[in-house]
Amino acid sequence: NAGVMQNPRHLVRRRGQEARLRCSPMKGHSHVYWYRQLPEEGLKFMVYLQKENIIDESGMPKERFSAEFPKEGPSILRIQQVVRGDSAAYFCASSPSNWLNEQYFGPGTRLTVT
Amino acid sequence: AQTVTQSQPEMSVQEAETVTLSCTYDTSESNYYLFWYKQPPSRQMILVIRQEAYKQQNATENRFSVNFQKAAKSFSLKISDSQLGDTAMYFCAFTLNAGGTSYGKLTFGQGTILTVHP
């Protein structure tokens, strides 16, 4: 059973470009969480999605950031017009349900904005 | 809002010895879960141990055990017989009982860098 997959593992973007981060949850998992880890800090919750629905986006910056989890395919975290402050590691976690309190993390995508 | 505090930015221990990492949290809720995650240099987040707040018995997983003090809102991690492979950043994390408005989202502490010396 493959674990949570994220790609790319490393992404370099120039200021003003768009970044697309992909997350494929574990088989049978329909709940996805995105977290951001700034340098030297802990992970911060960004958004929680179920298939085709955003359930809780209270941790998402109001502008430039969006997330989706379509019926088919991976979950996508999209950052438009990236700035240097977006440089961070972005982690995705998946769960079979939101009441089991078990989240399985992917290896993360390290975004560097130059 | 819930907060998690890890007051030890760095710790070190000799191989085969025991080390304890501290964590305190703040919440007004009574039904929640606590976790310790390990993040080695590969940056992969690995679940080490979990504790349900309604359970009085401290969780244990092989060489890892916790000291859960609910009244004091303290949740420390003890690593016995430390191994070189335990070198990593350790995060304490909290979540309210999922299924409610928290939806299981995790709140993390700032992390403690643990170095195991040979």
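Each value, and the rule that gives it
Residue positions are counted from 1 within each chain, in the order its sequence is given. Chains carry letters and ligands carry numbers; both start at the beginning, A for chains and 1 for ligands, and go up in the order they are written. Local features are withheld for residues below a pLDDT of 70 in this predicted model, meaning they are given only at 70 or higher, and side-chain atom pairs are given and counted only at 80 or more; totals for whole chains, interfaces and linings count all residues. Excluded from the side-chain calculation are hydrogens and water; included are all heavy atoms of the structure. The secondary structure listing takes helices from DSSP runs of H or I that are at least 4 residues long and strands from runs of E that are at least 2 residues long, numbered from the N terminus. Here the globule rule is a power law, 2.2 Å times the number of residues to the power 0.38, and the radius of gyration is based on C-alpha atoms. Buried means the residue's accessible area, taken with a 1.4 Å probe over protein chains only, is under 20% of the maximum for its type, while exposed means over 50%, and partly exposed covers the values in between. In what follows, a contact means two residues having at least one pair of non-hydrogen atoms within 4.5 Å. Shrake-Rupley sampling with a 1.4 Å probe provides the accessible areas, and residues are treated as covered by the protein chains on show and by no other component. In this charge count, Lys and Arg are treated as positive and Asp and Glu as negative; neither His nor the chain ends contribute. We put the charge of a Lys on NZ, of an Arg on CZ, of an Asp on CG and of a Glu on CD. We treat two strands as partners when DSSP finds at least two bridges between them. Angles here are taken between N-to-C directions and fall from 0 to 180 degrees, while the axes themselves are lines fitted to C-alpha atoms, restricted in helices to the stretch in contact. We define a salt bridge as a contact between a side-chain nitrogen of Lys or Arg and a carboxyl oxygen of Asp or Glu at a distance within 4 Å. A 3.5 Å cut-off defines polar contacts: any pair of N or O atoms within that distance qualifies, except that in protein one atom must be a possible hydrogen donor and the other a possible acceptor, and neighbouring residues in sequence count only when both atoms are side-chain atoms. In this count, Pro and Cys sit with the nonpolar residues alongside Ala, Val, Leu, Ile, Met, Phe, Trp and Tyr, while Asp, Glu, Lys and Arg are called charged and the others, Gly among them, polar. Take the buried residues of types Ala, Val, Leu, Ile, Met, Phe, Trp, Tyr and Cys, join any two whose side-chain atoms come within 4.5 Å, and each joined set is a nonpolar core.

Broken down by element type, chain A carries zero helices and eleven strands. Mapped in sequence order, the helices and strands of chain A form the string β-β-β-β-β-β-β-β-β-β-β. Here the C-alpha radius of gyration of chain A, 13 Å, is about what a compact globule of 114 residues would show, namely 13 Å. Expressed as lengths along the three principal axes of its C-alpha atoms, the size of chain A is roughly 40 × 25 × 25 Å. Across the 114 residues that make up chain A, the buried fraction comes to 47%. Restricting the contact set of chain A to residue pairs at least 6 apart, pairs at least 24 apart contribute 53%. Only carbon and sulfur atoms are counted for the fraction: they give 47% of the accessible area of chain A, which is about 5,700 Å². With 16 positive and 11 negative side-chain charges, chain A shows a spacing of 7 Å between the two charge centroids.

It is worth spelling out the sheet that holds strand β3 (residues 19-24) of chain A at this point. Residue and element names in this part refer to chain A. Sheet architecture is open: four strands sit in the order β1-β3-β8-β7, paired in antiparallel fashion. The open sheet has two free edges, formed respectively by β1 (5-7) and β7 (65-68), since each of these has just one partner strand. On average, each strand axis in the sheet is inclined to that of its neighbour by 15°, with strand direction left out of account. Taken together, the five bridges between β3 and strand β8 (residues 75-79) define a ladder with antiparallel strand orientation. Looking at β8, one finds that L21 is bridged to L77.

Residues and elements named next belong to chain A. Inspection of the entire model under this criterion finds nine salt bridges over all chains. R78 is the partner of E18 in a salt bridge, and the nearest nitrogen-oxygen pair spans 2.9 Å. Here E18 is found in the loop between β2 (10-13) and β3, whereas its partner R78 is found in strand β8, with 60 residues between them in sequence. By relative accessible area, E18 is classed as partly exposed at 30%. Linked through salt bridges whose partners overlap, the residues forming this network are E18, R20 and R78.

What follows covers the pairing of strand β11 (residues 109-113) of chain A. All names here are of chain A. Of the two faces of β11, the one holding T109, L111 and V113 is buried and the one holding R110 and T112 is not buried anywhere. Two elements, β2 and β11, share four bridges in a ladder whose sense is parallel. Counterpart to L11 in the pairing with β11 is L111. Here strand β9 (residues 88-95) pairs with β11 via three bridges, running antiparallel. Within β11, the position partnered with A89 by the bridge is R110.

So, on to the environment of A:F105. Here A:F105 is to be found in strand β10 (residues 104-105). Distance in space between the C-alpha atoms of A:F105 and A:P39 is 18 Å, their sequence separation being 66 residues. Not counting chain neighbours up to four residues away, the residues in contact with A:F105 comprise A:V4, A:Y35, A:L43, A:F91, A:C92, A:A93, B:Y37, B:Q44, B:M45, B:L106 and B:F108.

Between chain A and chain B, the residue contacts involve 24 residues of the former and 23 residues of the latter. Taken together, the connections running from chain A to chain B amount to one salt bridge. Between A:D56 and B:K105 there is a salt bridge, with its nearest N and O atoms 2.9 Å apart. On inspection of chain A and its partner chain B, the count reaches seven residue pairs in polar contact (both at pLDDT 80 or more). Those elements that provide at least two residues to the side of chain A that touches chain B are β4 (31-37), β5 (43-50), β6 (53-56) and β9 of chain A. Considered class by class, the residues forming the side of chain A that touches chain B number twelve nonpolar, seven polar and five charged.

Below, the discussion takes up the nonpolar core. Membership of the largest hydrophobic core comes to 26 residues, with the highest contact counts inside it found for B:Y25, B:Y32, B:W36, B:F75, B:L77 and B:Y90. Beyond its immediate sequence surroundings of up to four residues, B:L77 is in contact with B:V19, B:T20, B:L21, B:W36, B:I49, B:F64, B:S65, B:V66 and B:Y90. A:A19, A:M26, A:W34 and A:V113 belong to the second-largest nonpolar core, a separate cluster that totals 23 residues.

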